[in-house]
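# Per-entry structural report
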Amino acid sequence: MSANPDWYDSGLNHIWLPYTQMKTMRPPLAAVRTHGSRIVLADGRELVDGVGSWWTACHGYNNPHIAEKLRQQLDRMPHIMLGGLVHEPALRLAERLCALLPSHLTRVFFSDSGSVAVEVAMKMALQYHLNAGRSGRTKFVAFKGGYHGDTLGTMAVCDPEEGMHALFSGILNQHFIVDLPRDERSVADFDAAIAHHADEIAAIIVEPLVQGAGGMLFHDEQCLMHVRDVARRHHVLLIADEIFTGFGRTGPMFACDVCDVVPDIITLGKGLSGGSLPLAATVASSEIFASFWSDDPGLALMHGPTFMGNALACAAANASLDLFEEEPRLVQGAEAGKTMAHILGHALTLPGVVDVRVRGCIGVVELDRIEDLNSLKQAFIEEGVFVRPFRNIVYLTPALNIAQDELEKLCTAILTVLQRR
Ligand SMILES: *Cc1c(COP(=O)(O)O)cnc(C)c1O
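What counts and how
Residues numbered from 1 in each chain as written. Predicted model: local features only at pLDDT ≥ 70, side-chain atom pairs only at ≥ 80, totals over all residues. Heavy atoms only, no water. Pairing = 2+ DSSP bridges. Helix = DSSP H or I, 4+ residues; strand = E, 2+ residues; numbered from the N terminus. Contact = heavy atoms within 4.5 Å. Axes fitted to C-alpha atoms, helices over the stretch in contact; angles between N-to-C directions. Buried < 20%, exposed > 50% of the residue type's maximum accessible area, 1.4 Å probe, protein only. 1 Å grid on protein atoms, 1.4 Å probe; cavity = no way out; pocket = protein on both sides within 12 Å on 5 of 7 lines; lining within 4 Å. Points joined across faces, edges and corners; volume = space filled by probe spheres on them. Nonpolar A, V, L, I, M, F, W, Y, C, P; charged D, E, K, R; others polar. Parallel < 35°, antiparallel > 145°, perpendicular 65-115°, else oblique. Left-handed = near helix turned anticlockwise from the far one by under 90°. Near = heavy atom within 4 Å. Polar contact = N/O pair within 3.5 Å; in protein donor to acceptor, adjacent residues only side chain to side chain. Areas by Shrake-Rupley, 256 points an atom, 1.4 Å probe, with all protein chains shown as cover. Phe/Tyr/Trp six-rings, centres within 6.5 Å; stacked < 30°, edge-to-face > 60°. Lys NZ or Arg CZ within 6 Å of the ring centre and 35° of its normal. Domains from an automatic or database assignment. Buried area = accessible area lost by both parts, 1.4 Å probe. Salt bridge = Lys/Arg side-chain N within 4 Å of Asp/Glu carboxyl O.

The next subject is the sheet that holds strand 15 (residues 385-386). Ordered in space as 1-2-3-15, the four strands form an open sheet in which the pairing is mixed. One side of each edge strand has no neighbouring strand; the edge strands of this open sheet are strand 1 (31-35) and strand 15. Of the pairings in the sheet, the one linking strand 1 to strand 2 (residues 38-41) comprises four bridges and is antiparallel in character. When the sheet's bridge partners are listed, H35 is paired in strand 2 with R38. Docked against the sheet, helix 13 (residues 404-419) engages strand 2, strand 3 (46-49) and strand 15, running at close to 90° with respect to strand 3.

Structure, rendered in structure tokens:
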């Protein structure tokens, strides 16, 4: 590798990187440019990207339409606070999101990260009950394998066994973390837990169809519909966390679309701005909004991120929605899924591979275990691809419109690297 750029070594001593033991990490790659599904490194190498920057880059990088809309907005007004002021990008985006979502989801609260969008959803659910005079509904039901963010409130509804947050278990709020109701036993347990604790529960929170960061775990429509039915029966709200699954990742625009599961609150993030700027949204039903609508200022929702509804980010999200309208993005995502199923399917014969699964534009190869994650990551880089295995999972979440030859390169690299293990 040639010498690092001048900002690299000195700056690296001052940055704190995510999810990383910085003492033992391999030196991170210096990225200088992106285009399409490519990451260009400072030393001139170019990697095909299999991750889409934590699943955000649904149209690939540097999409010209998003870039153009960003440039126009940048000249007009990059940001203005949403307190006492509104602007076209945020209002247009709110209206467009509601038009895409089930008709009773009518109010959009913007924030700047998925974790905060989930925090806001939890706050809305808690206060919905309080505003209606029902105190005592202070707990959430969430599912093993689930991931909803890294802030203290959201950590408490993540799978407690998973590595990322286990350290903090003693200081987090206690909620009900149960198995997804997917077979006779877990259905019975789930039904019993909700029936028994209904008057303590504010909401059930679920990642519909695919639990992402918890292990790329899939469940079927029946399971999701059961969760919805039980929530409804016991007047418990349903929060669908579509931060990972939204914007075509599982096939349709939103995972809930496949089985007409209509949540009371939906959280969006990741792909929302087409991979360009931080933006998240919490969309609530008219019924929830109505419980805050009052002459009493004390019933208002007391939340307001400083950069909420950032005009640049909203302009990017509007441009991203243009692309979903004007280009066959969902069809492209489905085609990519077929390619992944076809090629990654061969991994089933490799030693240590316990499962290969594809849903929408998510391809997963599950191994019995990964001994040395760092070396595995390095092996992918040497194959010219950027793939980030975690725990015992190697996965692809490429741009929905990734070129066929690039996707083949990613899939083949996975086979090649796993073959050598
Ligand atoms: C990534 C993610 C979050 C958290 O989003 P951040 O923007 O990282 O805070 C929450 N829920 C799900 C399902 C996610 O995939």
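The backbone phi angle of W54 is positive, close to 50°, even though this residue is not glycine. A relative accessible area of 44% means that W54 is categorised as partly exposed. One non-glycine residue, D260, lies in the positive phi region at around 50°. Inspection of the secondary structure assignment puts D260 in the loop between strand 10 (237-241) and strand 11 (265-268). Judged by relative accessible area, which is 60%, D260 ranks as exposed.

Right, let's talk about the layout of surface pockets for a bit. There is about 620 Å³ of room inside the second largest pocket. R107, V108, F109, F289 and M308 are the residues nearest the centre of the second largest pocket, which is lined by 24 residues in total. Mapped onto the lining of the second largest pocket, the elements with two or more residues apiece are helix 4 (88-100), strand 4 (105-111) and helix 9 (286-292). No other element matches strand 4, which puts five residues into the lining of the second largest pocket. Class assignment of the residues belonging to the lining of the second largest pocket gives a composition of 18 nonpolar, five polar and one charged.

Moving on, we come to the packing of helix 3 (residues 64-76) against helix 10 (residues 311-326). Packed helix pairs are specified by the crossing angle of their axes together with the interaxial distance, meaning the distance between the axes. Here helix 3 crosses helix 10 at 150°, and the two axes come no closer than 9 Å. Relative to helix 10, the element helix 3 is oriented roughly antiparallel. Crossing handedness for the pair helix 3 and helix 10: right-handed. Together, H65, I66, K69, L70, Q73 and L74 of helix 3 and A311, L312, A315, A316, A319, S320, D322 and L323 of helix 10 make up the contact between the two elements. Residue composition of the contact of helix 3 with helix 10, by class: nine nonpolar, three polar and two charged.

Bringing the site of the ligand into the picture now. In the vicinity of the ligand, the contacting residues are W55, S113, G114, S115, Y147, H148, G149, E207, D241, I243, F244 and K270. Within the backbone of G114, one N or O atom sits 2.7 Å away from an oxygen atom of the ligand. A distance of 2.6 Å separates an oxygen atom of the ligand from a polar atom in the side chain of S115. In the complex, 84% of the free accessible area of the ligand, which totals 380 Å², lies under the protein chains. Its residues assigned to classes, the shell around the ligand shows four nonpolar, five polar and three charged.

Taken as a whole and assessed by the stated rule, the structure comprises nine aromatic pairs. Taking 6.2 Å as the distance between ring centres and 50° as the angle between the ring planes, the aromatic pair formed by W7 and Y8 counts as tilted. A residue is classified by how much of its surface remains accessible, and W7, at 45% relative accessible area, is partly exposed. On the basis of relative accessibility, which here comes to 8%, the residue Y8 falls in the buried class. Where W55 meets Y395, the ring centres are 6.4 Å apart and the plane angle is 70°; that geometry is what we call edge-to-face. Of the two residues, W55 sits in helix 2 (residues 52-55) while Y395 sits in strand 16 (residues 393-396), which places them 340 residues apart along the sequence. A residue is classified by how much of its surface remains accessible, and W55, at 8% relative accessible area, is buried. Through a chain of ring-to-ring contacts, the aromatic side chains of W55, F244, F390 and Y395 assemble into a single cluster. Positioned over the ring face of F289 is R107, at 3.8 Å from the centre of the ring.

Bringing the domain arrangement of the protein chain into the picture now. For the protein chain, the assigned domains are domain 1 (9-62 + 330-400 + 408-419) and domain 2 (64-326). Using C-alpha coordinates to define each centre, domain 1 is positioned 26 Å away from domain 2. Together domain 1 and domain 2 conceal approximately 2,400 Å² of surface at their shared face, both sides included; 63% is due to carbon and sulfur atoms. By the criterion of area lost to domain 2, the three top residues of domain 1 are W55, H59 and R359, representing 32% of everything that side buries. In this assembly, domain 1 and domain 2 are joined by one salt bridge. Residue R359 is joined to E221 by a salt bridge in which the shortest nitrogen-to-oxygen separation is 2.9 Å. Linking domain 1 to domain 2 there are eleven residue pairs in polar contact (both at pLDDT 80 or more). With three residues, the top contributor of residues to the side of domain 1 that touches domain 2 is strand 13 (residues 353-359). Of the residues contributing to the side of domain 1 that touches domain 2, the split by class is 15 nonpolar, six polar and three charged.

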